[in-house]
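# Structure at a glance
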Amino acid sequence: MSKIKHNKKQLEAIHHLDGPLLILAGAGSGKTRTLTARIANIIESGKAKPFEVLAITFTNRAAREMRQRIEETIKTDTTDMWVLTFHAMCSRILRQHIEKLERGYTKWFSIYDDADSLAVLKVIASSLNLNTNYYSPQALRSHISTAKNALLDPEAFKLSMKDDFRAENIAQAYKMYEDELQKNNSLDFDDLLIKVLELFVSCPDVLSKYENRFKYIHVDEYQDTNVAQYEIIKALSATRRNVCVVGDEDQSIYGWRGADINNILDFEKDFLDAKVIKLEQNYRSTSHILDAANAIIKNNTDRKEKTMWTNRGKGIQTVFYKATTEREEAEYIYTEIKKMTVLGDYNLQDIAILYRTNALSRIMEDRFMRAGMSYAMYGGQKFYDRKEIKDLTAYLRCIVNPADEGALIRIINIPKRGIGATTVGRLRTIAQANNLTLRKAMHEEEKIADVMGSAARSKILGFSNMMDKLDEKRSFLSLVDFIEEVMNLCGMVDFYKAQKTEEAEGRLSNMGELLSAAREFVIENEDASLETFLENIALVSDIDSLKESRDHITMLTAHSAKGLEFPVIFTIGMEEGLFPHQRAMGSEEEMEEERRLCYVAMTRAMDRLYLTCSTGRLMFGTRRYNPLSRFIDEIPEELLNNTTPKPKVVDKSTFRKTATFNFTEFSQSRMKIKKSKKTKDKKELGMGDKVEHKKFGKGTIISISSSATGSVYTIAFKGEGVKELDGRYANLKKL
DNA sequence: GCGTGTGGGGTTTTT
DNA sequence: CCCCACACGC
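Residues numbered from 1 in each chain as written. Chains lettered and ligands numbered in written order. Predicted model: local features only at pLDDT ≥ 70, side-chain atom pairs only at ≥ 80, totals over all residues. Heavy atoms only, no water.

## Let's talk about helix 23 (residues 479-490)
Under the 1.5 Å per step criterion, the end-to-end length of helix 23 is 16 Å for 12 residues, consistent within 8% with the ideal 16 Å. Of the residues making up helix 23, those classed as buried are L479, V480, F482, I483, E485, V486, M487 and C490. For helix 23, the secondary structure elements touched by its buried residues are helix 17 (387-400), helix 22 (454-474), helix 24 (492-499), helix 25 (502-524) and helix 26 (530-539). Just downstream of helix 23, G491 is the residue with a positive phi angle, here 95°. (Helix = DSSP H or I, 4+ residues; strand = E, 2+ residues; numbered from the N terminus. Expected span 1.5 Å × (residues − 1). Buried < 20%, exposed > 50% of the residue type's maximum accessible area, 1.4 Å probe, protein only. Contact = heavy atoms within 4.5 Å.)

## Structural notes on the protein's contact with DNA strand C
As a matter of local geometry, DNA strand C sits amid K122, F620 and G621. A distance of 3.3 Å separates a phosphate oxygen of DNA strand C from a polar side-chain atom of K122. (Near = heavy atom within 4 Å. Polar contact = N/O pair within 3.5 Å; in protein donor to acceptor, adjacent residues only side chain to side chain.)

## Looking at the sheet that holds strand 2 (residues 53-57)
An order of 3-2-6-7-1-8 is seen for the six strands of this open sheet, with the pairing classed as parallel. Only two strands of the sheet have a single neighbouring strand rather than two, namely strand 3 (82-85) and strand 8 (275-279). On average, adjacent strands in this sheet sit at an angle of 15° to one another, irrespective of strand direction. Strand direction decides the pairing type here: strand 1 (residues 21-25) and strand 7 (residues 243-247), joined by four bridges, are parallel. By the bridge assignment, L22 is partnered in strand 7 with V245. Those strands touched by helix 11 (residues 227-236) are strand 2, strand 6 (216-219) and strand 7, and its axis lies near 165° from that of strand 6. (Pairing = 2+ DSSP bridges. Axes fitted to C-alpha atoms, helices over the stretch in contact; angles between N-to-C directions.)

## Things to note about the nonpolar core
Counting 51 residues, the largest nonpolar core has Y395, F463, I483 and L514 as the members making the most contacts within it. The element contributing the most residues to this core is helix 17, with eight residues. Leave out the neighbours within four places in its chain, and L514 touches F383, Y384, I389, L392, I483, F533 and I537. Judged by nonpolar contacts, the second largest core, of 47 residues, contains I56, I93, F109 and V243. (Core = buried A, V, L, I, M, F, W, Y, C linked by side-chain atoms within 4.5 Å.)

In short, geometric facts, not functional conclusions.
Structure below.
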């Protein structure tokens, strides 16, 4: 295996070790192989010891794979080589040094996930009396995250959005949120990055420790880094400048999360002497697939010129199929899979179903389940996001980090033990007045007696004693035994056992699964402890556990498919509003990101690619008629094999006819009345039509949905975003 | 403090 | 269509 052949460009990258290096690695160009070989080369040539190499990846799975491959190549132990994600790296640095920030953080800090952050923001929003129409907790969360990713503090953020009337309030919520997290000795995902930067600034010795250590730095999936991550890389590589970044701007799909595509587009501006190597040979896909993907991506303007090619041969055309209902779409896919597996062309594990949104997986799931065809789904409801698991980990967090009141409040009444909002409120008042944590305040029996009745008092006492007992047990129980003890002592096991419902049973078995996860964690990690286990839970996603060898179909979102490949790919729901997603309709930039996402999805395929859609689809309980995805139109006809039975040609005009037909079918008599009404004042409106609205200006109709009362148009307005308007009232002028 | 019913609102993607 | 938040009644 060590004598793997590399092409000329790859060899160049493998041997160019010193100075900044940008590898523009297109889809399927052997990026990981090259990176692995380069790291092996660094070690084997004696330029650095394993512990002096840093490799940052995007997912834990990628990190694990890379480490494995490096180990196979150099046949040396790599335990002390840092091959991890940005977040894991930052967490590791902070566990060691965060106390130097002198802001009250301890190394037992909790990591808040989205739900934890939202809970905090809900309280803040209501304490500020913010109108939730303008300030939903989600919106606040997203603004704060944007601010943090751009390295703006509340003050700077306020200035940056001074045109927005909400600036003042959002900045204030941001500030309060920061204070609350700090008080709770907690960091959210964005904080992990930011606090490391703060640490580097305030403690130059910490920075130089890592700067000296890491002689060679690698960043995979560089197109998905945000400003904070970029700054971390810059800081770590400032002296030696041995930084090698690998990425593909055409696969930048995390802009919504703060990833800045300019990091890759402008790398050469920041590192003037950067060597740039383009890997343009694709080893994965046949040319029919690659050409179709190229045809789509070339419609983007925000990219570097790059032409991917392959010598895998033409292969077969990309298959297109248009169903009339989502069930029929699922049926078609099922039949195709059945065909190819019965013929023995492919096994189930060779096949993946990709979709834009998790909601689309459901129909496929139904179909596979009915057929008894095994499948595995990734994404969606994550294991650690399940209520009972979050509750249990909240218990564990309370125990590790007594300052974590978010966690404490979450579980103080779980299972129900009669400690309601009023009691918690009173307890909080006591805590605040005496500058105590909630846990400590529970011991202030006299003060509690002043404001509460004996019933509430004894309930608090009971809870407090239980937590104290757990604290004690932690010191002598193993990780697994301790977690089991928490489950039993806190009462969750009894609570669910008593219910005797299927749902409760599921929750119990999930709790059992958590125990198994802990057991496995102990086996795999030398430094396993309650703290490291919790950290692992916070930073791991379920795509990380994707298994390869099992015989099942894989179902995942296009996002989580990044970095994977399958012989057969089905990309479903190729419809305007779904893929590209509605939310992207308003802006050209977001549309380009959708296109990149589509490119990512298509380039996962090695031999066979299917693109499917349905003219009608049940959404929100009503039937919707979405036009065909523009991405399908961007593929030249000769590259597409349209297997849709009736209408042979795929173009917009055919589509419109079909859509109207279904429309009428829905309720013919009513439709006639409506039509006559409508034609009275307006010309008929179809999908894709440009319209003008008095208030919102010019826009494009992206979908039409029918209800008993008439049709509702979903229209993307320039600069105004996407609106839903009732055809009966909205004064729409056809342009 | 808690259970029930209703009404309204909501589905992008994830470390 | 489903899941939540909220209000009400016990």
